[in-house]
Number of protein chains: 2
Amino acid sequence: MLQLWALEGIPEITVGADLVQIIADAAGDTLADGDIVVVTSKIVSKAEGRSVAAADREDAITAETVRVVASRTSESGHSTRIVENRLGIVSAAAGVDASNTPPGTVLLLPQDPDASARAIATGLRELRGVQVGVIISDTLGRAWREGQTDAAIGAAGVRVFEDLRGKTDAEGRPLVVTLPCVADELASAAELVKGKAARRPVAIVRGRADLVGDLDLPGARSIVRPAERDMFRLGADEAYDQGYAAGVQDVWDERGPNG
Amino acid sequence: MLQLWALEGIPEITVGADLVQIIADAAGDTLADGDIVVVTSKIVSKAEGRSVAAADREDAITAETVRVVASRTSESGHSTRIVENRLGIVSAAAGVDASNTPPGTVLLLPQDPDASARAIATGLRELRGVQVGVIISDTLGRAWREGQTDAAIGAAGVRVFEDLRGKTDAEGRPLVVTLPCVADELASAAELVKGKAARRPVAIVRGRADLVGDLDLPGARSIVRPAERDMFRLGADEAYDQGYAAGVQDVWDERGPNG
């Protein structure tokens with residue numbers, strides 16, 4: 001049995017807020033060994049002071065961007081930039097977010113979500129004496145599928161992949177191909193109780209204590225597929241355009257500009 | 001509070017198995033209005049007789065493929081084909097699966113997972129007199145992120161997207177951009193209790209009765225983003241190669257083969 005619930009009574013988070021104390025207070029004495037605490041990245045960003053003026057949104061996206069993966073302008077003039085940000089995460093607008101932020105401001109992602117997760121996990125373990133894992137979640141779009149799901153952008157004290165090495169299927173054959181990203185599944189599950197419209201940015205997941213472990217387990221950074229191993233490191237239009245330019249250039253190089 | 005559990009006692013499924021009766025028997029009298037039943041596609045495929053000889057695996061993948069999106073051969077000679085299958089779903093090997101299948105066989109995806117979901121939802125509603133939703137889940141890889149998560153490839157009687165139109169954030173601003181794909185989140189959450197190694201192919205999710213509704217709600221087909229609107233409809237290498245060939249061709253067309 002897996003149980004999930006959102007914590008009630010989390011106040012509006014401001015710069016410098018002590019998230020460990022706030023989460024511990026909201027959880028009361030309910031936290032138990034093996035619980036996984038899923039924290040919406042937005043409140044981590046707020047506590048870390050990652051707010052910038054909305055007028056600087058485009059500049060902020062550019063500053064957070066390591067590499068533009070794809071971009072498109074719709075007929076209505078709305079432009080979408082899918083980029084790889086400094087954390088390696090591919091998402092729209094580098095995760096720069098304008099919902100549930102103070103008017104006139106937008107929020108950047110936490111500076112280092114794995115470190116934020118580790119700080120919260122360390123603090124909760126010390127304060128409550130319970131071995132919990134922590135996931136920092138964000139809402140991400142996907143290739144090929146409409147809509148968004150929540151995924152893990154930070155993690156500490158919790159396995160991000162289920163280790164099936166050495167496991168076999170019901171017929172006794174090794175499960176070699178499968179690497180379930182349980183951290184993303186936990187973040188998605190938590191979204192179902194946190195919701196988007198309410199102020200419930202923290203959820204507890206109970207029932208997968210087997211996934212909770214040392215604080216030095218690999219973080220969510222290990223979920224990011226390096227671009228050089230990614231078959232979708234560039235949008236189809238962008239890759240086509242690069243290829244087209246290279247094709248034209250190669251013919252020119254071979255024959256000279258006058259053939 | 002969201003509660004999830006896997007049904008125990010589901011037998012090995014064979015061709016023609018009555019999944020409605022089998023799920024109802026395994027659930028006993030625990031099913032309630034608003035429950036969401038998440039069924040691993042594998043047992044639906046088995047019941048529908050979608051098994052083919054393993055020797056025909058490559059031919060089966062080709063037959064299920066509408067369009068090759070990307071392909072790659074690793075240094076060890078292992079080849080990966082990311083394809084769009086006849087359901088519009090982009091995945092490795094068109095969802096043709098060799099784990100947890102009888103030796104010497106592989107399984108194709110259900111013929112029409114939305115129809116399969118509808119049949120199971122209709123049957124369970126009639127047999128048990130409870131308004132349940134049904135999701136057919138499969139394990140899918142992702143662009144940009146390592147590992148796999150479970151997602152919804154069939155759905156009936158359950159909202160696949162949470163409708164936030166008209167909803168506002170905590171600051172009163174409309175939540176226009178966000179379209180949470182709750183069906184995929186439910187499938188991911190259910191994977192956390194079903195697992196890959198055990199024979200627990202059916203999970204119940206209780207606590208989001210607000211997502212359960214009429215049997216004619218849009219199915220999981222509505223999650224599929226049409227290729228023409230997808231910025232990642234083609235792998236980067238494939239798009240580059242197409243562009244390169246077009247660039248070379250255009251120079252030739254302009255100047256003739258002898259410049």
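Residues numbered from 1 in each chain as written. Chains lettered and ligands numbered in written order. Predicted model: local features only at pLDDT ≥ 70, side-chain atom pairs only at ≥ 80, totals over all residues. Heavy atoms only, no water.

The name given to chain A in an unreviewed UniProt entry is Coenzyme F420-0:L-glutamate ligase, and the organism recorded there is Microbacterium protaetiae.

## Here's the deal with the relation of the copies chain B and chain A
Our working rule: A least-squares superposition brings the copies together, and it is based on the C-alpha atoms of residues with pLDDT no lower than 70 in both.
For the pair chain B and chain A, the best superposition has an RMSD of 0.0 Å and corresponds to a rotation of 180° with a translation of 0.0 Å parallel to the axis. Each copy turns onto its partner about a two-fold axis.

## So, the side chain of A:E191
Here is the rule we go by: To qualify as a helix, a DSSP run of H or I must reach at least 4 residues; to qualify as a strand, a run of E must reach at least 2; elements of each kind are numbered from the N terminus. Exposure categories follow from relative accessible area, calculated using a 1.4 Å probe and restricted to protein chains: below 20% of the type maximum is buried, above 50% is exposed, and the middle band is partly exposed. In this description, contact between two residues means that some pair of their heavy atoms is separated by no more than 4.5 Å.
Secondary-structure assignment places A:E191 in helix 5 (residues 182-194). By relative accessible area, which is 1% here, A:E191 ends up buried. Filtering out sequence-adjacent residues up to four positions away, A:E191 remains in contact with A:D150, A:K196, B:P180 and B:E185.

## Topic: the interface of chain B and chain A
We apply this condition: Salt bridges, as used here, are contacts in which a Lys or Arg side-chain nitrogen is within 4 Å of a carboxyl oxygen on Asp or Glu. Distance and chemistry together define a polar contact, namely a pair of N or O atoms within 3.5 Å, with one atom able to donate a hydrogen and the other to accept it when in protein, and with adjacent residues in sequence counting only for side-chain atoms on both sides. Any residue that is not Ala, Val, Leu, Ile, Met, Phe, Trp, Tyr, Cys, Pro, Asp, Glu, Lys or Arg is counted as polar, Gly included; the first ten are nonpolar and the last four charged. When DSSP locates at least two bridges between a pair of strands, those strands are taken to pair.
Between chain B and chain A, the residue contacts involve 88 residues of the former and 88 residues of the latter. With a shortest N-O distance of 2.4 Å, B:D237 and A:R233 are connected by a salt bridge. The tally of links from chain B across to chain A stands at 42 residue pairs in polar contact (both at pLDDT 80 or more). Classifying every residue of the side of chain B that touches chain A by side-chain character gives 45 nonpolar, 21 polar and 22 charged. Direction of pairing for strand 1 (residues 2-6) of chain A relative to strand 1 (residues 2-6) of chain B: antiparallel, over a ladder of three bridges. Looking at strand 1 of chain B, one finds that A:L2 is bridged to B:L4.

## Digging into the pairing of strand 1 of chain A
All names here are of chain A. Extensive coverage of strand 1 is indicated by the burial of four of its five residues. In this sheet, strand 10 (residues 202-206) lies alongside strand 1 in antiparallel orientation, the contact comprising four bridges. Residue pairing for strand 10: L4 is matched across the bridge by V205.

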